[in-house]
Amino acid sequence: MTTNLPPASLTAVRLARYTKTELSEIVGDDDDPFGVSEAGLTWLPKQEHFGIRLDGRLVAHTGLLPVPLSVGSAETQAVGFGGVVVAPDLRGHGLARLVVTSALEHARTMGPPYGILFCRPHLVPLYQRLGWRMLEGDVHVEQAEGPVVMPLRTMWTPLRDGAQWPVGPVRLLSFPM
């Protein structure tokens with residue numbers, strides 16, 4: 001497979017399905033493709049899926065689902081982004097940007113005013129280049145044993161013109177995505 005990708009020839013599309021088989025198509029046999037297993041968290045499956053195919057092979061993915069959260073005393077919703085992954089042999093070619101941007105376009109039609117994601121620290125600059133903003137302070141997420149502090153970085157992006165993140169402590173009222 002070539003690593004000189006013609007960017008104009010690739011587009012992200014909505015996927016009809018996304019299972020462990022499709023994930024394996026992207027990352028092979030990697031037991032921890034997202035690098036988050038040590039966090040010991042239970043994650044929600046995504047409801048909407050976007051991917052990129054190159055020569056028939058699925059090489060990138062982003063998943064979405066609406067999630068409830070509270071910020072301060074207010075309850076609201078966000079579109080949770082997760083499962084962002086690019087085939088190891090194709091990283092650094094803009095595929096994450098392409099698949100996340102396509103998912104963002106769809107997320108803007110879903111209703112909630114914000115997008116939210118959790119990522120490892122070394123990925124923060126990537127998401128910042130895509131317009132995501134860091135949330136400072138602890139974010140609590142639900143787990144079977146009750147709320148826990150999310151050990152990953154939390155980022156958000158407006159999905160509506162003028163949307164501003166509210167002030168106050170943040171709690172995701174579900175498992176993380």
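Since we're looking at a predicted model, the values are computed, not measured.

A. Summary view of the layout of surface pockets. Reported here for the largest pocket is a volume of approximately 1100 Å³. In terms of lining, the largest pocket is formed by 44 residues, of which the most central are Pro 33, Phe 34, Gly 83, Val 84 and Val 85. Listed by contribution, the elements that provide at least two residues to the lining of the largest pocket are helix H1 (20-27), strand E4 (74-86), helix H2 (95-107), strand E5 (114-119) and helix H3 (124-129). Among the elements that take part in the lining of the largest pocket, E4 stands out by supplying six residues, more than any other. The residue makeup of the lining of the largest pocket, split by class, is 25 nonpolar, eleven polar and eight charged.

B. Structural detail: the nonpolar core. The biggest cluster of nonpolar side chains holds 36 residues, and the ones touching the most others in it are Ile 52, Phe 81, Leu 95, Tyr 127 and Trp 132. Taken together, the elements giving at least two residues each to this core come down to H1, strand E2 (48-54), strand E3 (57-71), E4, H2, E5 and H3. Residues Ile 116, Met 150, Val 170 and Leu 172 belong to the second largest nonpolar core, which totals 21 residues.

C. Quick peek at the pattern of salt bridges. Across all of its chains, the model carries five salt bridges by this definition. As a salt-bridge pair, Glu 22 and Arg 17 come within 2.8 Å of each other at their nearest N and O atoms. Look at Glu 22 and you get buried, because its relative accessible area is 4%. A relative accessible area of 56% means that Arg 17 is categorised as exposed.

D. Layout of unusual backbone geometry. One non-glycine residue with positive phi stands out, namely Asp 55, at about 50°. Of note, Asp 55 is situated in the loop between E2 and E3. The exposure class assigned to Asp 55 is exposed, which follows from its relative accessible area of 69%.

E. Quick peek at H1. For H1, the full list of buried residues reads Glu 22, Leu 23, Ile 26 and Val 27. Taken down its axis, H1 places every buried residue within 120° of arc, on the same side. Pointing more than 90 degrees away from the buried face of H1 are the exposed residues Lys 20 and Thr 21. Phi turns positive one or two residues past the end of H1, at Gly 28, with a value near 75°.

Definitions and limits used
- Residues numbered from 1 in each chain as written.
- Predicted model: local features only at pLDDT ≥ 70, side-chain atom pairs only at ≥ 80, totals over all residues.
- Heavy atoms only, no water.
- 1 Å grid on protein atoms, 1.4 Å probe; cavity = no way out; pocket = protein on both sides within 12 Å on 5 of 7 lines; lining within 4 Å.
- Points joined across faces, edges and corners; volume = space filled by probe spheres on them.
- Helix = DSSP H or I, 4+ residues; strand = E, 2+ residues; numbered from the N terminus.
- Nonpolar A, V, L, I, M, F, W, Y, C, P; charged D, E, K, R; others polar.
- Core = buried A, V, L, I, M, F, W, Y, C linked by side-chain atoms within 4.5 Å.
- Buried < 20%, exposed > 50% of the residue type's maximum accessible area, 1.4 Å probe, protein only.
- Salt bridge = Lys/Arg side-chain N within 4 Å of Asp/Glu carboxyl O.
- Arc of directions from axis to C-beta.

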